[in-house]
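Coordinate inspection notes
Below, each chain spelled out in residue letters.
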Amino acid sequence: MSYQSNTSSPHFLHGIRLLIVEDNAINVRILELQLRKTGAIITTASNGREALSKIQSATFDGIILDLHMPEMNGYDTIPHIQRLQPGAFIVVVTADILPEVSTRLAALQIKDILPKPYAAEALLDILAQHRPV
């Protein structure tokens, strides 16, 4: 499968189903605004437990996941996502940039990490890498 990274055309993620897992309502709103012209279909969850409930009832192409959330954090949620929807890609968005975070995420086979704050273009570039052509 080949991938295209052109983020300049509107609706370049048309039909891609994304789950945003983030407990901060402002961050959710920012992500929704950054993604609104991409054509992606957005669903949100405020923690890992809610995300897993949604993952059990719907299929997602990708998950945008915060690490630090109440009830169930991103670290604990990742293995469940990988088991329930092995084809979904995971993009971790976090303000936690300590070296051990990268090591722990690498052990969970997470390659896409976006440190907060980030430019919208950086998020769109990562998502474009996962878009099938």
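Residues numbered from 1 in each chain as written. Predicted model: local features only at pLDDT ≥ 70, side-chain atom pairs only at ≥ 80, totals over all residues. Heavy atoms only, no water.

Attention now goes to the nonpolar core. Among the nonpolar cores identified, the biggest contains 21 residues, and Leu-19, Val-21, Ile-63, Leu-65, Ile-90 and Leu-105 are the most heavily contacted of them. Looking at this core, the elements that each hand over two or more residues are strand S1 (17-21), helix H2 (48-57), strand S3 (62-65), helix H3 (74-84), strand S4 (89-94) and helix H4 (99-107). (Core = buried A, V, L, I, M, F, W, Y, C linked by side-chain atoms within 4.5 Å. Buried < 20%, exposed > 50% of the residue type's maximum accessible area, 1.4 Å probe, protein only. Helix = DSSP H or I, 4+ residues; strand = E, 2+ residues; numbered from the N terminus.)

This paragraph deals with the packing of H2 against H3. Relative to each other, H2 and H3 sit at 5 degrees, their axes nearing to 10 Å. Judged by the inter-axis angle, H2 sits roughly parallel to H3. Between H2, through Gly-48, Leu-52, Ile-55 and Gln-56, and H3, the contact on the second element is made entirely by Thr-77, His-80, Ile-81 and Leu-84. (Axes fitted to C-alpha atoms, helices over the stretch in contact; angles between N-to-C directions. Parallel < 35°, antiparallel > 145°, perpendicular 65-115°, else oblique. Contact = heavy atoms within 4.5 Å.)

Before going further, it helps to examine helix H5 (residues 120-129). The set of residues buried in H5 consists of Leu-123, Leu-124, Ile-126, Leu-127 and Ala-128. The elements touched by buried residues of H5 are S1, helix H1 (25-35), S3, S4 and strand S5 (112-115).

This brings us to the pairing of strand S2 (residues 41-45). Inspection of the sheet shows S1 paired to S2 by 5 bridges, in the parallel sense. From the neighbouring strand, Leu-19 faces S2, where its bridge partner is Thr-43. Between S1 and its parallel partner S2, the chain crosses via H1, and the hand of that crossover is right-handed. (Pairing = 2+ DSSP bridges. Right-handed = clockwise from strand over helix to strand, strands pointing away.)

With that out of the way, let us pick up the packing of aromatic side chains. Enumeration according to the criterion identifies 0 aromatic pairs in this entry. Positioned above the aromatic ring of Tyr-75, the side-chain terminus of Arg-104 is 3.6 Å from the ring centre. (Phe/Tyr/Trp six-rings, centres within 6.5 Å; stacked < 30°, edge-to-face > 60°. Lys NZ or Arg CZ within 6 Å of the ring centre and 35° of its normal.)

In this structure the tally under the stated criterion is 5 salt bridges. One salt bridge connects Lys-116 with Glu-22, and the closest N-O pair in it is separated by 3.0 Å. Highlighted residues: Lys-116 in the loop between S5 and H5 and Glu-22 in the loop between S1 and H1, separated in sequence by 94 residues. For Glu-22, a relative accessible area of 5% puts it in the buried group. The shortest N-O distance in the salt bridge between Glu-32 and Arg-29 comes to 4.0 Å. Within this pair, Glu-32 and its partner Arg-29 are both found in helix H1, separated by 3 residues, close to a single helical turn. Three or more residues joined by partner-sharing salt bridges are found here, namely Glu-22, Asp-66 and Lys-116. (Salt bridge = Lys/Arg side-chain N within 4 Å of Asp/Glu carboxyl O.)

On to the layout of surface pockets. By volume, the largest pocket amounts to about 250 Å³. Around the largest pocket, the lining residues are Gln-82, Pro-86, Gly-87, Ala-88, Phe-89, Ile-90, Gln-109, Ile-110, Lys-111, Asp-112 and His-130. Residue composition of the lining of the largest pocket, by class: 5 nonpolar, 4 polar and 2 charged. (1 Å grid on protein atoms, 1.4 Å probe; cavity = no way out; pocket = protein on both sides within 12 Å on 5 of 7 lines; lining within 4 Å. Points joined across faces, edges and corners; volume = space filled by probe spheres on them. Nonpolar A, V, L, I, M, F, W, Y, C, P; charged D, E, K, R; others polar.)

What follows concerns the UniProt feature "modified residue: 4-aspartylphosphate" (unreviewed entry) in the protein chain. Following the UniProt record, the feature "modified residue: 4-aspartylphosphate" (unreviewed entry) maps to Asp-66 here. Looking at where Asp-66 falls in the secondary structure, it is placed in the loop between S3 and H3. In this structure, Asp-66 is in contact with Val-21, Glu-22, Asp-23, Gly-74, Val-93, Thr-94 and Lys-116, ignoring residues within four places of it in sequence. (UniProt positions renumbered as here; feature names shortened; annotations may be inferred.)

Moving on to the UniProt feature "domain: Response regulatory" (unreviewed entry) in the protein chain. Here the UniProt feature "domain: Response regulatory" (unreviewed entry) sits at residues 17-131. Secondary structure across residues 17-131 comprises 44% helix and 21% strand; the distance between its end C-alpha atoms is 11 Å.

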